[in-house]
Amino acid sequence: ISLGLVGSEMCIRDRARLSRRSVIRNSGIPMVQAVGGAPVIILLSAFDRGAWVGNKVGKHKESPMIFTVAIDGPAAAGKGTIGRALAARFGFAYLDTGLLYRAIGAAGGDPVAAAQALRPEDCTGPELRSREAGQAASRVAALPPVRAALVEFQRRFARREGGAVLDGRDIGTVVCPEAEVKLYVTASPQVRAHRRWLELGGNEAQVLAEVLERDARDTDRTTSPLRPAADATLIDTSDMGIDDAVRLAVDVVERRLAAQETPQ
Ligand code: DC
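Predicted model only: the values in this text are computed from it and were never measured.

Student: Hey, could you run me through the pattern of salt bridges in this one?
Tutor: Charged atoms that come close allow side chains of opposite charge to pair. The final tally for this structure, using the stated rule, is 16 salt bridges. With a closest N to O distance of 3.7 Å, Asp 218 and Arg 221 form a salt bridge. Of the residues examined, Asp 218 reaches a relative accessible area of 5% and is grouped as buried. Judged by its relative accessible area of 8%, Arg 221 falls in the buried class. Salt-bridge contacts for Asp 244 lead to Arg 247; the nearest nitrogen and oxygen are separated by 2.8 Å. Taken together, the positions of Asp 244 and Arg 247, both in helix H11 (residues 242-261) and 3 residues apart, correspond to about one turn of that helix. According to the relative accessible area criterion, Asp 244 is partly exposed, its value standing at 40%.

Shown next as structure tokens:
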């Protein structure tokens, strides 16, 4: 038996059930945990950063924390902002999978060879954020061998220890159909084009045309088209500030973490 005293909440759990997940769920308040009679003081700021520093006493061993948040949706819907906020909040790793396709599109030459040779250092640089890079990414992303070359890496990232957030187009449907949380983040094309225009400039009507073109290509392709997973939670950010959108997403993740802790 482990005794966990969390703020005003006191709970007695089977020792095997007291995992890092329960700590994250209850994070934000000081916690004293007694395991095998020996008290351990845990600093929750460390949990907020995702570092498990807890049980240094006794033979109790933590099970690894595997937890995937899959975020899909069209361009400029707010996936990245929500994904980064969730990763920071829960101490998960974050992967913007669009950057993989952008790097392949920007490489030029044979996209399949570029996908097979892709290295993490290829996926950085402000030029990858341009509208042109987005269009090139959308084109190479329609090629099945390009997608196939990236799937394993994304799956390994998703199931890494400590939790992971991935955003893209096919994360909840193809890359991680087993993800613990699936979000589909969307907004009207006009709102998304306006955001992209504020971010990257240019002619707003032209930006809207490009957004619609990219939506159509990403949605109509045969392999891994953009669509919500059947069990995804829909977040429409058309009339929503970023704080509200993040709060909604945090809530979904917290409820799922709590459900994992509840005995069946
Ligand atoms: O998320 P983004 O705008 O950076 O993505 C650029 C393009 O990459 C997008 O138009 C389609 C493609 N993409 C994809 O097909 N699958 C993903 N998981 C991520 C991006």
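Following the structure, the description resumes.
Student: How should the packing of helix H4 (residues 98-107) against helix H7 (residues 144-158) be read in this particular structure?
Tutor: Each pair of packed helices can be summarised by the angle the axes make with each other and by the distance between the axes. At a closest axis distance of 11 Å, the pairing of H4 and H7 adopts a crossing angle of 140 degrees. Here H4 is positioned oblique relative to H7, judged by the angle of their axes. The two elements H4 and H7 cross, and the hand of that crossing is right-handed. In contact with Leu 100, Tyr 101 and Ile 104 of H4, H7 contributes Val 146, Arg 147, Leu 150, Phe 153 and Gln 154. A per-class count over the contact of H4 with H7 returns 6 nonpolar, 1 polar and 1 charged.

Student: Explanation requested: the site of the ligand in the structure shown.
Tutor: In the region of the ligand, 14 residues are neighbours, and Arg 102, Arg 147, Arg 214, Asp 218 and Arg 221 sit closest. Between a nitrogen atom of the ligand and a side-chain N or O atom of Thr 97, the distance comes to 3.0 Å. Separating an oxygen atom of the ligand from a side-chain N or O atom of Arg 221 is a distance of 2.8 Å. Protein chains bury 97% of the 440 Å² of accessible surface belonging to the ligand in isolation. Take the shell around the ligand: its biggest share by element is 3 residues, from H4. Each residue belonging to the shell around the ligand can be placed in one class, and the counts come to 3 nonpolar, 4 polar and 7 charged.

So, how was this worked out
Residues numbered from 1 in each chain as written. Predicted model: local features only at pLDDT ≥ 70, side-chain atom pairs only at ≥ 80, totals over all residues. Heavy atoms only, no water. Salt bridge = Lys/Arg side-chain N within 4 Å of Asp/Glu carboxyl O. Buried < 20%, exposed > 50% of the residue type's maximum accessible area, 1.4 Å probe, protein only. Helix = DSSP H or I, 4+ residues; strand = E, 2+ residues; numbered from the N terminus. Axes fitted to C-alpha atoms, helices over the stretch in contact; angles between N-to-C directions. Parallel < 35°, antiparallel > 145°, perpendicular 65-115°, else oblique. Left-handed = near helix turned anticlockwise from the far one by under 90°. Contact = heavy atoms within 4.5 Å. Nonpolar A, V, L, I, M, F, W, Y, C, P; charged D, E, K, R; others polar. Near = heavy atom within 4 Å. Polar contact = N/O pair within 3.5 Å; in protein donor to acceptor, adjacent residues only side chain to side chain. Areas by Shrake-Rupley, 256 points an atom, 1.4 Å probe, with all protein chains shown as cover.

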